Amino acid sequence: MSDVPTRDADGMIVFRPKPSEPPPPNTTGVIGWLRFNLFNGIFSTLATLIGLAALIYVFLAFYDWAFVKGVWEAQNRQECRLGKEWGTCWAGVEFWFSRFIYGRYPDAEMWRINLAALVLVLWMAPLWIPRVTAKSVIGLSAVLVFPFLAGYMFLGGERNLFMAAVVPVTMVWFVATMAHVVLCVLTGYGLGRWIIHLTGFGNRSDRAAKYPLMAAAAVAWLLVLFAIRDWTLVEVGTNRWGGLFLTTVISGIGIASALPSGIVLALGRRSKMPIIRVLCIGFIELFRSVPLITILFMATTMFPLFLPEGLVFNKLASAIVAVCLFAAAYMAETVRGGLQAIPKGQYEAAEAVGLGYWKVMGLIVLPQALKLMIPNIVGNFIGLFKDTTLVSIIGLYDLLGMVKAVSHDPQWIGLHHEPLFTAALMFFLACFAMSKYSQYLERKLGAGDRR
Amino acid sequence: MKKILLGMSVGLAAALGLAAVPAFAESTLETVKKRGHLRCQIGTPSPGFYNLKADGSWAGSDVAICRAVAAAIFNDPNAVEFQSVTATVRFTALANGESDMLSRTTTWTLYRDTQLGLTFTAVNFYDGQGFMVPKDAGIASAHELAGATVCVLAGTTTELNLTDFSRSNNLDIQPVVFEDRNVRDETYLSGGCDAVTNDKSGLAASKAGFPDPGSHTILPETISKEPLGPMTRKGDGQWYDIVRWTVFALINAEELGITQANVDEMAANPPSPEVARMLGVEGELHVGLGLEKSWAHQVIKHVGNYGEIYGQYMGDKSPDGIGIAREGSPNALWTKGGLIYSPPFR
């Protein structure tokens, strides 16, 4: 380095600061982080070591249980024990695994569940593709239209007049959505634009532009209706549904219905109209103050007693209705909490610019409130997903029910740790994914707060 | 407010109750035939009686009764919808017409036979509560269990029977109560209690799942009577007879030596008049039941006789069995000193 001061053109000495020293090596990088976070003083060091020892101990115990003692190939539980006194019998889980996923659904028909799952993924995926337009329509139809298609695929059988009309609608809708997405990605214009353009209605008025769309939809519907008139799927009764599939159906419907019905109930509870308010409060308080298991028992045990003899309600349907009502009551209070967090000024300002009740709520209040409520809403969903295991108590074979059935099979009698562990793992993966997604949503929707 | 709500709900219930019209104008057999399959109620899985298998099908001795009735009516053992129902609602589900019959470890008692509008048809398994102890404990009789801790399931008659037994014999047994069979068994295995009590069939099933089944023994005493059998609704005599005589057909077939394998040959070439009558070769025995002439033939053809069913699901020879010895038990045929007995087919 130079001791000679630098001078500028006028011969004045220019101040030039020394480059700063690097931080001491033991405060940066991995070592610094370790020192600061784990070995910061005697107690911290001690706690770290004890924690580490406990962690290693638990890990080794688990490793020993799951892998060292693990038996992967056996025909029954006694075989699992040959040579190893308390062998961990993963072979039983392997044998039963498709039951955990599909329940008692016939092997030959399992493709229907897989296909419906694929359709749902394809239907939802465009929501994350940036160039796609009309995302709200796609999202809403995934919730409102897809269930009819899935319902028929799962249940099968002869279509009654309603289903005969609706199933082609859902099929046309799905194909149109896919075509729309592909066109959007490739050309930047959606399906509607293309149809209008190709039929030569592009330069007509907006009103006239509707006609080719309606005509195309009607023609497609009629074609599909005609094409599948003799096509039916084998009927699979709901008493054969089970496993993760049933858990997903129950909690999926519960989750999809909870938010809209929760919003309606929450708005009703804050309404100025006394009858609506009293009804909403009554509903919410009734269902919130009763445990879910009681509601399930009421729906499947007590309710049939009030029905005329011989009239039998489907057990799964009553369970789903019970779960939906329960979830709606809880969601209503979550939403109300969010609504109350919005300052009064927002309502007043919205009214001041001349918006009516629904526009105030839909455009100003709810978008802000829902964003605030994401952690709570997702927390509710995760809770609901796990609560559905209660249906195993009323004799439905959801994931937990199926897992419990293993230990009663004479070939695998008493085997219950391994299946329960497997179910726990599945639940963890599903709930963790939901939780991570909610954090992503929060970051995305909360971008405005960080500016 | 509460009173109003209560009044409203009672009123609603009464209105709906009044609206209930008797829906059983037609007989159960007609309903079942029209539907094309039998609705047979079983319980939540119980090894040997009705349990799920890894391929998703139901198996077990009570399941076989359902299949036998379906075979008698439809000549198809798979024309059954199995309704797996929890124990709390079993009688309701049969009484309200959801199930056509019930075939699930249900003990025949005076109360159940007379006050529920339901009726027991026949006994297909004689169970009874017993005790299991580790062999090296050196206990040979339940009367030696003085002061012992005994593992038992909560909320069942098993628990009540245990206290009764303890009190009437001054044994001061300490019950250790569990909700879950697997947890109970593990506690017993790890030495958490000196003995475990349950119906003997359940003990045998548990024992079969132990790492070393040979080192445990089921004590000879039976402290309760549990005759188990299928039930139907009261008031449809023909249906009652169908279920009752299907069970008898299984038993009688074993007594006459008719098996799944030889039934066709027996029907073609009846060795005795009774075999001929039973398999519908001679006589008009089927008329009262409203079934096909060959109904008993169909039953044995599709599900086997009583002994074959027992061997498959209860015995220790088959992979689906839970290993309960039949010889010397009440479930042996009456000709071999047991209680399994069928009235004659004539």
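This one's a predicted model, so the numbers in the text were calculated from it and none came from an experiment.

Caption draft 1: Highlighting the overall build of chain B. The helix and strand inventory of chain B stands at 13 helices and 14 strands. For a compact globule of 346 residues, the expected C-alpha radius of gyration is about 20 Å, and chain B comes in at 22 Å, within 12% of that figure. Reported as C-alpha extents along the three principal axes, the dimensions of chain B are approximately 70 × 60 × 40 Å. Counting over 346 residues, chain B shows a buried share of 52%. Contacts spanning at least 24 positions in sequence make up 69% of the contacts within chain B whose residues lie at least 6 apart. Just so you have it, chain B exposes about 15000 Å², and 55% of that area is on carbon and sulfur atoms. Of note, chain B has its 28 positive side-chain charges centred 5 Å away from the centre of its 38 negative side-chain charges.

Caption draft 2: Helix α18 (residues 417-445) of chain A, seen in detail. Residues and elements named next belong to chain A. The end-to-end C-alpha separation of α18 is 42 Å, in line with the 42 Å expected for 29 residues at 1.5 Å each. Among the residues of α18, E418, P419, T422, A423, M426, F427, C431 and S438 are the ones counted as buried. Each element contacted by the buried residues of α18 is listed here: α2 (42-68), β2 (88-89), α4 (90-102), α11 (243-269), α16 (357-387) and α17 (399-405).

Caption draft 3: Local environment of the side chain of A:H416. One can find A:H416 in the loop between α17 and α18. Apart from the residues lying within four places of it in its own chain, the contact partners of A:H416 are A:S407, B:N182, B:V183 and B:E186.

Caption draft 4: Structural view of the packing of helix α14 (residues 315-340) of chain A against α16(A). Residue and element names in this part refer to chain A. Close contact between α14 and α16 brings their axes to 9 Å; oriented N to C, the two are set at 145°. At the point where α14 passes α16, the crossing takes the right-handed sense. Taken together, the residues of α16 that come into contact with α14 (itself represented by V323, F326, A327, Y330, M331, T334, V335, G338 and L339) are V365, L366, A369, M373, N376, I377, N380, F381, L384 and D387. Considered class by class, the residues forming the contact of α14 with α16 number 14 nonpolar, four polar and one charged.

Caption draft 5: Summary view of the confidence of the model for chain A. Chain-level statistics for chain A give a pLDDT mean of 88 and a share of 96% at 70 or above. Predicted confidence in chain A is weakest over helix α19 (residues 447-450) of chain A, with a mean pLDDT of 63, and strongest over helix α12 (residues 274-288) of chain A, with 95.

Caption draft 6: Quick look at the interface of chain B and chain A. Taken together, the contact between chain B and chain A spans 46 residues of the former and 35 residues of the latter. Each partner contributes to the roughly 3200 Å² buried at the junction of chain B and chain A, and carbon and sulfur atoms together form 56% of this total. Contact with chain A buries area across many residues of chain B, yet B:L52, B:A54 and B:P211 alone supply 17% of it, more than any other trio. Across the contact surface, chain B and chain A share zero salt bridges.

Caption draft 7: Representation of the environment of A:M434 in the model. Residues and elements named next belong to chain A. If you trace the backbone, M434 turns up in helix α18. In this structure, the C-alpha to C-alpha distance between M434 and G192, residues 242 residues apart in sequence, is 33 Å. Leaving out residues up to four positions away in the same chain, M434 has contacts with V378, F381, I382 and F385.

Caption draft 8: Fine view of the domain arrangement of chain B. Residues and elements named next belong to chain B. The assigned domain composition of chain B is domain 1 (28-126 + 227-336) and domain 2 (129-224). A separation of 30 Å is found between the C-alpha centroids of domain 1 and domain 2. Domain 1 puts six residues into the contact, and the matching count from domain 2 is five residues. Summing both sides of the interface, domain 1 and domain 2 together bury roughly 390 Å²; the carbon and sulfur share of this comes to 75%. When the buried surface of domain 1 facing domain 2 is broken down by residue, P47, I322 and I324 rank first, second and third, together holding 73% of it. At the junction of domain 1 and domain 2, the tally comes to zero salt bridges. At the boundary of domain 1 and domain 2, one finds zero residue pairs in polar contact (both at pLDDT 80 or more).

Caption draft 9: Spatial organisation of the nonpolar core. Within the largest apolar cluster, 88 residues are counted, with the highest numbers of intra-cluster contacts made by A:W96, A:F100, B:L38, B:W239, B:L250, B:I258 and B:W295. Beyond its immediate chain neighbours, meaning those up to four positions away, B:L250 contacts B:I65, B:A68, B:V299, B:I300, B:V303, B:G304, B:N305, B:Y306 and B:I309. Counting 63 residues, the second largest nonpolar core, distinct from the first, contains A:I113, A:V236, A:V323 and A:V360.

Caption draft 10: The pairing of strand β11 (residues 195-199) of chain B, seen in detail. Residues and elements named next belong to chain B. Of all five residues making up β11, five are buried, and the element is well covered by its neighbours. Sheet topology places strand β9 (residues 149-153) next to β11; two bridges connect them, and they run parallel. Counterpart to C151 in the pairing with β11 is V196.

Caption draft 11: Up close: the domain arrangement of chain A. Residues and elements named next belong to chain A. According to the domain assignment, chain A consists of domain 1 (106-241) and domain 2 (242-451). When each unit is reduced to the centre of its C-alpha atoms, the spacing between domain 1 and domain 2 is 27 Å. Listed as interface residues are seven residues of domain 1 and, on the opposing side, ten residues of domain 2. Roughly 710 Å² of surface becomes buried between domain 1 and domain 2 when both sides are summed, with 72% attributable to carbon and sulfur atoms. Counting the surface domain 1 buries against domain 2, the share from its top three residues, W128, T238 and W241, is 70%. At the boundary of domain 1 with domain 2, the tally comes to zero salt bridges. Put simply, domain 1 and domain 2 have one residue pair in polar contact (both at pLDDT 80 or more) between them. Here the residues of the side of domain 1 that touches domain 2 are counted per class, giving five nonpolar, one polar and one charged.

Caption draft 12: Main features of the pattern of salt bridges. One pass over the structure, following the stated rule, counts 17 salt bridges over all chains. Here B:E26 and B:K34 are joined by a salt bridge, their closest N and O atoms 2.9 Å apart. Salt-bridge contacts for B:D320 lead to B:K53; the nearest nitrogen and oxygen are separated by 3.3 Å. Separated by 267 residues along the polypeptide, B:D320 in the segment after α13 (306-313) and B:K53 in the loop between β2 (51-52) and β3 (58-59) bring together distant segments of the chain. Among the ionic contacts, a cluster of salt bridges with common partners joins A:R269, A:E285, A:R288, A:E333 and A:R336.

Parameters and conventions
- As a convention, each chain's residues are numbered from 1 in the sequence order in which they are written.
- Each chain gets a letter, beginning with A, and each ligand a number, beginning with 1, in the order they are written.
- With pLDDT at 70 or above as the cut-off, local features in this predicted model cover only qualifying residues; side-chain atom pairs require 80 or more to be listed or tallied, and sums for whole chains, interfaces and linings still use all residues.
- Heavy atoms from the whole structure form the basis of all side-chain values; hydrogens and water molecules are not counted.
- A run of DSSP states H or I qualifies as a helix once it reaches four residues; a run of E qualifies as a strand once it reaches two. Both are numbered from the N-terminal end.
- Here the globule rule reads 2.2 Å times residues to the power 0.38, and the radius of gyration is calculated from C-alpha atoms.
- The cut-offs for exposure are 20% and 50% of the maximum accessible area for each residue type, with area from a 1.4 Å probe on protein chains only; residues under the lower value are buried, those over the upper are exposed, and the others partly exposed.
- A contact between two residues is defined here by any heavy atoms of the two lying within 4.5 Å.
- Values of accessible area rely on a 1.4 Å probe in the Shrake-Rupley scheme; residue burial ignores everything except the protein chains shown.
- When charges are counted, Lys and Arg contribute as positive and Asp and Glu as negative, whereas His and the chain ends are disregarded.
- Here the site of a charge means atom NZ of a Lys, CZ of an Arg, CG of an Asp or CD of a Glu.
- To estimate how far a helix should reach, multiply one less than its number of residues by 1.5 Å.
- The axes are straight lines fitted to the C-alpha atoms, using for helices just the contacting stretch, and the angles between their N-to-C directions are given from 0 to 180°.
- In this scheme, a crossing is called left-handed if the near helix is turned counterclockwise away from the far one by less than a right angle; it is called right-handed if the turn is clockwise.
- Residues are sorted three ways: Asp, Glu, Lys and Arg are charged, Ala, Val, Leu, Ile, Met, Phe, Trp, Tyr, Cys and Pro are nonpolar, and all the rest, Gly among them, are polar.
- Summary of the metric used: pLDDT quantifies the predictor's per-residue confidence within the range 0 to 100.
- What gets called buried area is simply the loss in accessible area from a 1.4 Å probe that two parts show on being joined, summed for both.
- Definition used for salt bridges: Asp or Glu carboxyl oxygen within 4 Å of a side-chain nitrogen of Lys or Arg.
- In this entry, domain limits derive from an automatic or database-based domain assignment.
- Residues adjacent in sequence count toward polar contacts only when both atoms are side-chain atoms; beyond that, a polar contact is any pair of N or O atoms within 3.5 Å, and within protein one must be able to donate a hydrogen and the other to accept it.
- Take the buried residues of types Ala, Val, Leu, Ile, Met, Phe, Trp, Tyr and Cys, join any two whose side-chain atoms come within 4.5 Å, and each joined set is a nonpolar core.
- By this definition, two strands are paired if DSSP reports at least two bridges between them.

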